[in-house]
Amino acid sequence: MRDTSELTAAVERFADRLRAAPQSRLQRGAAAEGLALARELAGRAQRVEDPEREPRIMPDAGVFTVADQLVVAGNDLAEILRTAPAGSREGDLGEAVELVREAARRSGL
């Protein structure tokens, strides 16, 4: 089993920043950045679980829920990568961590 704690920690940090941000900051793009990331992570998880099926798009549930959506998507992907067979999905974990870090930087939080 692969250690995915770096991914879950990065997701939690960004989600905490989103939760602490004022509404005005969320509306100026931080929430949109978080939602885009949540959608990307969820899509990656779905493609690993069922490559034959088109990934479902995570809905926009509002600026105050985006942190929770991010945590759910990030934890789903982390669990899938944690239990993936050895030797498979090698670069996916590092890519996901970098996606989270980049989104956090772009959000300005």
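Residues numbered from 1 in each chain as written. Predicted model: local features only at pLDDT ≥ 70, side-chain atom pairs only at ≥ 80, totals over all residues. Heavy atoms only, no water.

### What to know about the overall build of the protein
Counting its regular elements, the protein contains four helices and zero strands. For the C-alpha atoms alone, the extent of the protein along its principal axes is close to 45 × 25 × 15 Å. Here the protein holds 109 residues, and the buried ones make up 40% of them. Considering only residue pairs separated by 6 or more positions, the protein has 78% of its internal contacts joining residues 24 or more positions apart. When the accessible surface of the protein is split by element, carbon and sulfur atoms take 49% of a total near 6,100 Å². (Helix = DSSP H or I, 4+ residues; strand = E, 2+ residues; numbered from the N terminus. Buried < 20%, exposed > 50% of the residue type's maximum accessible area, 1.4 Å probe, protein only. Contact = heavy atoms within 4.5 Å. Areas by Shrake-Rupley, 256 points an atom, 1.4 Å probe, with all protein chains shown as cover.)

### Some words on the environment of Thr 83
Within the fold, Thr 83 resides in the loop between α3 (66-82) and α4 (92-107). Take Thr 83: its relative accessible area is 42%, and that puts it in the partly exposed class. Sequence spacing of Thr 83 and Asp 3 is 80 residues, and the spatial spacing of their C-alpha atoms is 9.4 Å. At a separation of 3.0 Å, a polar atom in the side chain of Thr 83 contacts the main-chain carbonyl oxygen of Glu 79. (Polar contact = N/O pair within 3.5 Å; in protein donor to acceptor, adjacent residues only side chain to side chain.)

### Some details on a negative patch on the surface
A cluster of acidic residues, Glu 49, Asp 50, Glu 52 and Asp 76, forms a negative patch on the protein surface. Checked against the element boundaries, Glu 49 lands in helix α2 (residues 23-49). (Patch = residues over 30% accessible without salt bridge, like charges linked within 9 Å, V, L, I, M, F, W, Y side chains within 5 Å. Salt bridge = Lys/Arg side-chain N within 4 Å of Asp/Glu carboxyl O. Lys, Arg positive; Asp, Glu negative; His and termini not counted. Charge placed at Lys NZ, Arg CZ, Asp CG, Glu CD.)

### Some points on the nonpolar core
Counting 32 residues, the largest nonpolar core has Leu 7, Phe 14, Leu 18, Leu 41, Leu 70 and Val 100 as its most contacted members. Those elements giving two or more residues to this core turn out to be α1 (5-20), α2, α3 and α4. Beyond its immediate sequence surroundings of up to four residues, Leu 18 is in contact with Leu 26, Ala 30, Ala 31, Gly 34, Val 66, Ala 67, Leu 70 and Leu 109. (Core = buried A, V, L, I, M, F, W, Y, C linked by side-chain atoms within 4.5 Å.)

### Things to note about the side chain of Thr 4
Along the polypeptide, Thr 4 turns up in the segment before α1. Judged by relative accessible area, which is 7%, Thr 4 ranks as buried. Sequence-distant contacts of Thr 4, that is, excluding residues within four places in its chain, are made with Ala 78, Leu 81, Arg 82 and Leu 93.

### Brief notes about the packing of α2 against α4
Relative orientation and spacing of two packed helices are given, respectively, by the angle between their axes and the distance between those axes. Relative to each other, α2 and α4 sit at 170°, their axes nearing to 8 Å. As the angle between them shows, α2 and α4 are arranged roughly antiparallel. In this structure, α2 uses Ala 30, Glu 33, Leu 37, Glu 40, Leu 41, Arg 44 and Val 48 to contact α4, whose residues at the interface are Asp 92, Glu 95, Ala 96, Leu 99, Val 100, Ala 103, Arg 106 and Ser 107. Residues belonging to the contact of α2 with α4 are distributed by class as follows: eight nonpolar, one polar and six charged. (Axes fitted to C-alpha atoms, helices over the stretch in contact; angles between N-to-C directions. Parallel < 35°, antiparallel > 145°, perpendicular 65-115°, else oblique. Nonpolar A, V, L, I, M, F, W, Y, C, P; charged D, E, K, R; others polar.)

So far we have only geometry, and geometry alone does not tell us how the molecule works.
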